[in-house]
Amino acid sequence: MAQSRQPPARPVFGSLVLIAVVIAGGAAAFAYTAGWFSPQRLTPDKFVDAFTPLTGPPLGHRRNHAKGICFTGVFEANGAGPALSHAQVFTRGQYPVLGRFNLGTPDPNAPDATVRVRGLGLRISPPDGQEWRSAMVNPPFFPVSTPQAFYELLLASGSKDPDAMKTFVATHPEFAAFGAWAKDGPWTGSYAEDRFNGLNSFVFTDGSGAEHTVRWSLLPTAQPVPVSHDELVKRGPDFLEQEIAERVRGAPQRWTMVVTVANPGDPTSDPSKAWPEDRRVVEVGTLIVQEIQPERDGPCRDINFDPTVLPSGMRTSDDPFPAARSSVYAKSFDRRTAEAKDYPRTATDTKP
Ligand code: HEM
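These numbers were taken from a predicted model, which means no experiment stands behind them.

**Student:** Looking at this structure, I do not really get the side chain of H172. What am I missing?
**Tutor:** Residue position: H172 is located in the loop between α4 (164-171) and α5 (175-184). Classification of H172 as buried rests on a relative accessible area of 11%. Reaching out from H172, the side chain makes a polar contact with the side chain of E152 at a distance of 3.2 Å. Every residue in contact with H172, bar those within four places of it in the chain, is listed here: A149 and E152.

Here it is as structure tokens:
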């Protein structure tokens, strides 16, 4: 006689509960990350949105520093850097560089003379594969002390309220120094004559394990020639790109990389505060820009110069900016790369 074989009872209910818990947990984590539980929280999405000009987002372009031009070259390490960091990029030698000269504006078509802040994105790639990425600017300090204050500055400067900037300045006294630089600081007629400052602080670890809190800058070897703003206006909307392309065609352009070491007690978490002039400075090498390429089809188009991409021997410090920048740059990168059709390439042999 055939025996009826009942499959053993399975704890179906228990499995369903487990699945529901896992899904609910994932959804809650997503909602938390997106800031849905805390609408006041500053998220990368809100930060990126705050850069949007009245004319709308620059589709396909970086959400800030949207106007730029690519370069390639080398970083020539002079062998002095290992006193501060054991990163391979400081071992004497030449390492390939990819970079981007840019202007601090969300408008990729802004006339050059209308933009006060100029920038330089840099990636140095030593053979051990541990890249050093950085994005530097020409002001000697940042306008504000915290990422939250920068967000508030963006909101105030884009506000229709005529008193918004006045209120912002009154509640952020550190902004005055930047305001004075923006008004009276010198202008040059060339990226090659500008000094670019990393502004944020980082911690270097040397071969003995000792730590050094540092900031870095690129000092032009070309003699800066101050030019009046009125004169720059006459040079046309894209004079910086044209000038640097022509200059580099004539000869490679060089900047000395200097690393400044903090003394105990220096403000390491606040990029709006410059360190005193007498701090230890180590010249670690030279950036040599050898070739300029337009951004549209160039190698710097689809890179994110995330300042937290650091080799072993360098790490972030108590400065809150690099982490904030990293999350916002990633959001900007995601948006612009998803909009590639709005900024079509012209060459057929480059990436889609
Ligand atoms: C919380 C503070 C900051 C925010 C939210 C912010 C935001 C942004 C965004 C959205 C981009 C475009 C990123 C991309 O699509 O790849 C960008 C680019 C850039 N930022 Fe910042 N930034 C901040 C602080 C700084 C600081 C302190 C510096 C300089 C020390 C700096 C220098 C630059 C430069 C040079 C670029 C252009 C890099 C490139 O060529 O791709 N930024 N920033």
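There's plenty left to go through after this.
**Student:** Hey, could you run me through the pattern of salt bridges in this one?
**Tutor:** Two side chains of opposite charge can pair, provided their charged atoms sit close to one another. Enumeration over the complete set of coordinates arrives at 23 salt bridges. Members of the salt-bridge network, linked through shared partners, are D45, D49, K331 and R335.

**Student:** So what exactly am I meant to see when it comes to the coordination of the iron atom of the ligand here?
**Tutor:** A four-donor tetrahedral metal ideally has 109.5 degree angles, and a six-donor octahedral metal ideally has angles of 90 or 180 degrees. On the protein, Y329 (OH) is the one donor atom to the iron atom of the ligand, at 2.1 Å. Position of Y329 among the secondary structure elements: in helix α8 (residues 321-338).

**Student:** Looking at this structure, I do not really get the state of the cysteines. What am I missing?
**Tutor:** By definition, a disulfide links the sulfur atoms of two cysteine residues through a covalent bond. The final tally for this structure, using the stated rule, is 1 disulfide. Disulfide pairing is shown between C70 and C300; the S-S distance is 2.0 Å. Here C70 and C300 share a disulfide; its torsion about the S-S bond, -75°, makes the bridge left-handed. Here C70, found in strand β1 (residues 67-77), pairs with C300, found in the loop between β9 (281-294) and β10 (314-316); they are 230 residues apart in sequence, far enough to count as distant. Comparing C70 with C300, the two get one shared label, buried.

**Student:** How should I be thinking about the site of the ligand in this particular structure?
**Tutor:** Lining the immediate environment of the ligand, one finds 26 residues, of which R62, R100, Y329, S332 and R336 sit closest. The contact in question runs from an oxygen atom of the ligand to an N or O atom on the side chain of R100, over 2.7 Å. One of the side-chain N or O atoms of Y329 is found 2.7 Å from a nitrogen atom in the ligand. Those elements that place two or more of their residues in the shell around the ligand are β2 (93-103), β3 (118-124), β4 (132-137) and α8. At 7 residues, the largest contribution of residues to the shell around the ligand is made by α8. Across the shell around the ligand, the residue classes break down as 14 nonpolar, 8 polar and 4 charged.

**Student:** Where do I start with the pairing of β3 in this structure?
**Tutor:** Extensive coverage of β3 is indicated by the burial of 6 of its 7 residues. Here 7 bridges tie β2 to β3, and the two strands are oriented antiparallel to one another. Each residue of the ladder has a partner; that of G99, found in β3, is L122.

**Student:** I'm lost on the packing of aromatic side chains in this one. Help?
**Tutor:** Two aromatic rings are characterised by how far apart their centres lie and by the angle between their planes. Under the defined criterion, the tally for this structure stands at 17 aromatic pairs. Ring centres of F47 and F51 lie 6.4 Å apart, and the angle between their planes is 20°; this geometry places the pair in the stacked category. With respect to burial, F47 and F51 carry one shared label: buried. Judged by centre distance (4.6 Å) and plane angle (20°), the rings of F202 and W216 are stacked. Remark: W216 occurs in strand β7 (residues 211-220) and F202 occurs in strand β6 (residues 202-205); sequence separation between them is 14 residues. We note that F202, like W216, is buried. An aromatic cluster of at least three residues, connected via ring pairs, comprises F47, F51, F142, F150, Y151 and F321. Across from the ring centre of W181, 4.4 Å away, lies the NZ or CZ of R116, which sits over that ring. Directly above the aromatic system of W187 lies the positively charged group of R116, at a separation of 4.1 Å from the ring centroid.

**Student:** Where do I start with unusual backbone geometry in this structure?
**Tutor:** The general pattern is negative phi for most residues beyond glycine and trans for most peptide bonds. Here H65, not a glycine, exhibits a phi torsion of approximately 50°, which is positive. Looking at the secondary structure, you find H65 in the loop between α2 (44-50) and β1. Its identity as a non-glycine residue notwithstanding, L199 has a phi of 60°, on the positive side. Mapped onto the secondary structure, L199 falls in the loop between β5 (196-197) and β6.

**Student:** Looking at this model, I keep getting lost on α5. Mind explaining?
**Tutor:** Given 3.6 residues to a turn, an α-helix orients residues that are three or four positions apart in the same direction. What α5 keeps buried is the set F175, F178 and W181. Projection of α5 onto a plane perpendicular to its axis shows the buried side chains occupying an angular sector of 125°, all on one side. Opposite the buried face of α5, at more than 90 degrees from it, the exposed residues are K183 and D184. Elements in contact with the buried residues of α5: α3 (147-157) and α4.

**Student:** Where do I start with the packing of α3 against α4 in this structure?
**Tutor:** When two helices pack together, you describe them by how their axes are tilted relative to each other and by the distance separating the axes. Taken N-terminus to C-terminus, the directions of α3 and α4 make an angle of 155°; their axes are 8 Å apart at the nearest point. The angle between the axes of α3 and α4 places the two elements in the roughly antiparallel class. α3 and α4 meet at a crossing whose hand is left-handed. Side by side, α3 and α4 meet where A149, E152, L153, A156 and S157 of the first sit next to A164, M165 and F168 of the second. Split by residue class, the contact of α3 with α4 holds 6 nonpolar, 1 polar and 1 charged.

About the criteria used
Residues numbered from 1 in each chain as written. Predicted model: local features only at pLDDT ≥ 70, side-chain atom pairs only at ≥ 80, totals over all residues. Heavy atoms only, no water. Helix = DSSP H or I, 4+ residues; strand = E, 2+ residues; numbered from the N terminus. Buried < 20%, exposed > 50% of the residue type's maximum accessible area, 1.4 Å probe, protein only. Polar contact = N/O pair within 3.5 Å; in protein donor to acceptor, adjacent residues only side chain to side chain. Contact = heavy atoms within 4.5 Å. Salt bridge = Lys/Arg side-chain N within 4 Å of Asp/Glu carboxyl O. Donors = N, O, S within 2.8 Å, 3.2 Å for Na, K, Ca; no water. Disulfide = S-S within 2.5 Å. Near = heavy atom within 4 Å. Nonpolar A, V, L, I, M, F, W, Y, C, P; charged D, E, K, R; others polar. Pairing = 2+ DSSP bridges. Phe/Tyr/Trp six-rings, centres within 6.5 Å; stacked < 30°, edge-to-face > 60°. Lys NZ or Arg CZ within 6 Å of the ring centre and 35° of its normal. Arc of directions from axis to C-beta. Axes fitted to C-alpha atoms, helices over the stretch in contact; angles between N-to-C directions. Parallel < 35°, antiparallel > 145°, perpendicular 65-115°, else oblique. Left-handed = near helix turned anticlockwise from the far one by under 90°.

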